[in-house]
Amino acid sequence: MRKRITAKLAAAALLLLVIGMIYYFLTGFFGNPISAAIAGYKIKGYVQEKYPDKDLNVSNPEYNFKSGSYYSVIQSKTIKDMRFYVSYKKGKFNDSFEHDVTGGYMTYCRLASEFDSKVEDIIKSSFKHKSEIVIADFIVRNDDFSMLTLDMPLDIENPPFDAYLTVYILTDEISYEALAARLLELSNLMQDSNIPISLYSLVIEEASQEGDKAAVVGNALHLFDFPAEKLQSNDLLAAIKEHIAEYEAKNPK
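From a predicted model like this one, the values you see are computed outputs, not experimental measurements.

**Considering the packing of helix 4 (residues 105–126) against helix 5 (residues 176–192)**
Contact pair helix 4 / helix 5: the axes reach a minimum separation of 11 Å and the direction vectors enclose 120 degrees. Between helix 4 and helix 5, the crossing angle belongs to the class labelled oblique. Crossing handedness for the pair helix 4 and helix 5: right-handed. Facing Val-119, Ile-122, Ile-123 and Ser-126 of helix 4, the residues of helix 5 in contact are Leu-186, Leu-189 and Met-190. Of the residues assigned to the contact of helix 4 with helix 5, the class counts are six nonpolar, one polar and no charged.

As structure tokens, this is what we get:
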């Protein structure tokens, strides 16, 4: 009888230990409802006290397992670029308003997203070669967004930063001649659309048999960070080969 009781107690203890370990694991990655409720209450109070003159929404808190803190997204009801984060942990708050809003980072993110979307739409609709990847973005130095203002509109013909464009093209011909031809066609399209691009990255890839994606073991040519002014070279092929050699020397695999 005693052996049965002892075995049951041992099993119960083991079960409690397993449950405790699972709870510890889950709370370590996802937090717990009580702490989340407390953090949400604290964050809302902090926002109301610090920004009483701003009409702000405060999201339900999420858990950041890396820092062990809870954070909420704070969004203005009237100003789309007034978006920032407030996190809470053990009575301390971390507020990104100065960097994200005053510093212009959220404005930059929105403008960059709009720029990428518009350029991609132009390429998808007007570039005759099938592109697998299109990325248009700004070249930002020293994280300086001081020239930006909240909710400023995007002028795609006069963007606030220099811009770069990356395109991966599917093709049957993998050669420097094909690479140069696609680069010129892409540059002409950007010029016709009055979109200034400072740097081009272009990759031509051998298409799969279906022609809708790159072949798994197909050939490819890569041209990264090619300055737009080099497109005016008397010998574009030579300029491309020289640039690729210089880039690979600086960025060995």
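**Focus on the pattern of salt bridges**
The full count for this structure, using the stated rule, is seven salt bridges. The partner of Glu-114 in a salt bridge is Arg-110, with the nearest N and O atoms 3.2 Å apart. Pair noted here: Glu-114 and Arg-110 are both in helix 4, with a separation of four residues, about one helical turn. When its relative accessible area of 23% is taken as the criterion, Glu-114 is described as partly exposed. Arg-141 is the partner of Asp-162 in a salt bridge, and the nearest nitrogen-oxygen pair spans 3.9 Å.

**Details of the sheet that holds strand 8 (residues 199–206)**
If you walk across this open sheet you meet the four strands as 6-7-8-9, and the pairing is mixed. Sheet topology places strand 6 (131–139) and strand 9 (220–227) at the edges, where each strand pairs with a single neighbour. Averaged over all pairs of adjacent strands, the angle between their axes in this sheet comes to 10 degrees, without regard to strand direction. Here strand 6 pairs with strand 7 (residues 162–171) via eight bridges, running antiparallel. When the bridges of strand 7 are listed, Phe-138 appears paired with Ala-163. The strands touched by helix 5 are strand 7, strand 8 and strand 9; relative to strand 8, the strand with the most contacts, the crossing angle is about 135 degrees.

What counts, and where the lines are drawn
Residues numbered from 1 in each chain as written. Predicted model: local features only at pLDDT ≥ 70, side-chain atom pairs only at ≥ 80, totals over all residues. Heavy atoms only, no water. Axes fitted to C-alpha atoms, helices over the stretch in contact; angles between N-to-C directions. Helix = DSSP H or I, 4+ residues; strand = E, 2+ residues; numbered from the N terminus. Parallel < 35°, antiparallel > 145°, perpendicular 65-115°, else oblique. Left-handed = near helix turned anticlockwise from the far one by under 90°. Contact = heavy atoms within 4.5 Å. Nonpolar A, V, L, I, M, F, W, Y, C, P; charged D, E, K, R; others polar. Salt bridge = Lys/Arg side-chain N within 4 Å of Asp/Glu carboxyl O. Buried < 20%, exposed > 50% of the residue type's maximum accessible area, 1.4 Å probe, protein only. Pairing = 2+ DSSP bridges.

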